[in-house]
Amino acid sequence: MYKFDQNTIQVGISACLIGQQVRFDGGHKQSRFCVDDLGKYVSFRPICPEVAIGMGVPRPTIRLVQEEIIRVKASDDSFDVTDKLTNFAKETSPGLAGLSGYVFCAKSPTCGMERVSVYLPEKNNASRDGVGVFAAQVMKDHPNLPVEESGRLNDTNLRENFVTRVFAYHDWHSKCAEGLTPDLLYRFHARYKYLLMAHNPQIYRSLGQALGRIEGVTPEFQAYYETELMSALKRHASRKNHTNVLQHIQGYFKKQLGSTERQALAESIDKYRTGLLPLLAPITLLRHYLTLYPNDYIASQVYLNPHPEEMQLRYEH
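Residues numbered from 1 in each chain as written. Predicted model: local features only at pLDDT ≥ 70, side-chain atom pairs only at ≥ 80, totals over all residues. Heavy atoms only, no water.

Enquirer: Sorry, what's going on with the pairing of strand β1 (residues 10-14) here?
Expert: With five of its five residues buried, β1 lies for the most part within the structure. Residues Gln10, Gly12 and Ser14 line one face of β1 and the alternating positions Val11 and Ile13 line the opposite face, and both faces are buried. Each parallel crossover has a hand, and the one from β1 via helix α1 (residues 32-37) to strand β2 (residues 43-47) is right-handed. Looking at chain direction, β1 and strand β5 (residues 101-104) are connected through three bridges and run parallel. Bridge pairing links Val11 to Gly101 in β5. (Buried < 20%, exposed > 50% of the residue type's maximum accessible area, 1.4 Å probe, protein only. Helix = DSSP H or I, 4+ residues; strand = E, 2+ residues; numbered from the N terminus. Right-handed = clockwise from strand over helix to strand, strands pointing away. Pairing = 2+ DSSP bridges.)

Encoded structure:
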């Protein structure tokens, strides 16, 4: 359905989140972040599974029901759309391989990523441990694809992490589309050194060791690297790890900076470490020093620009 495009970051999204009036009541659940911020840098690919199987707008509400297997039924138990939704998910999901991320609608019996209500037959009490039918299939078929829910994107840490993964995933697949060689992979890994160190130093080291042993890039190694890369980035970068990375980068400037500049950078990093400044403060200072004292290796680091600065995702970290 969606082929990978090196020039366009394609992100799947529940159609209601971009303002399409496809909800059961004829409304929408537009996400201002998705529409106003993320939408400036990605091309959304909207899907509403319920409309896609012909349920119409408006329509009766549906819910997950725990029977022998989890069924998707009308809230009044008057009809069952499990098979239709399951078939739609299985037919549609493989065509999403060109996407670099997906934003699901929270709590939806079709698109909920987690904590979806699952009811007992003919009862109104529910557990909140379900997953939407369509979301479950997409996550199963594309385990490395960055996914997030609309509600969780209100959390600044989750938002920044998701966007970082989306841009990294697209970058990775762009390199794969060029045809990975050991040299290209080494250079990709070098560019991601400090971003990986901030998120998961252990995986960074293990990937480096694995790269040191390869002679060619097999499909198996490519799949292994992708899984480890996305697993590392899914882990949230800690303040301690960020501080360690900032100090590593600081070391590249020790011969160029004057005493006043060195002190200003050291203070900025320490104030970030103690929570007095956001991450953006020392990052901005490092970028400034890069303009004064160019260093190609540091300038190539994705860590300094993992996503567009205009999105202001590092202002609160």
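Continuing now.
Enquirer: Explanation requested: the sheet that holds strand β3 (residues 62-66) in the structure shown.
Expert: Either a parallel or an antiparallel arrangement is found when strands of a sheet pair, and the pairing is made through backbone hydrogen bonds. In space, the four strands of this open sheet follow the order β4-β3-β6-β7, with mixed pairing throughout. Each having just a single partner strand, β4 (70-74) and β7 (126-130) make up the two edges of the open sheet. With strand direction ignored, the average angle separating the axes of adjacent strands in the sheet is 50 degrees. Bridge count for β3 against β4 is five bridges, and the pairing is antiparallel. Among the inter-strand pairings, Leu64 is bridged to a residue of β4, identified as Val72. (Axes fitted to C-alpha atoms, helices over the stretch in contact; angles between N-to-C directions.)

Enquirer: Even after reading the chapter, I still don't get the sheet that holds β2, so can you show me in this structure?
Expert: The strand order β2-β1-β5-β8 describes an open sheet built from four strands, whose pairing is parallel. In the strand order of this sheet, the two ends are held by β2 and β8 (147-149), each with one partner. Averaged over neighbouring strand pairs, the angle between their axes works out to 25 degrees when direction is ignored. Where β5 and β8 come together, three bridges link them in parallel fashion. Each bridged residue has a counterpart across the sheet, and for Tyr102 the counterpart in β8 is Val147. Along the sheet, helix α5 (residues 156-178) contacts β1, β5 and β8; its crossing angle with β8, the most-contacted strand, is approximately 150 degrees. (Contact = heavy atoms within 4.5 Å.)

Enquirer: I would appreciate a short explanation of the environment of Pro121 in the present structure.
Expert: Within the secondary structure layout, Pro121 lies in the loop between β6 (116-119) and β7. On the accessibility criterion, Pro121 (37% relative accessible area) is partly exposed. With 18 residues separating them along the chain, Pro121 and Val103 place their C-alpha atoms 30 Å apart. Other than its neighbours up to four places away in sequence, Pro121 contacts Val65, Gln66 and Glu67.

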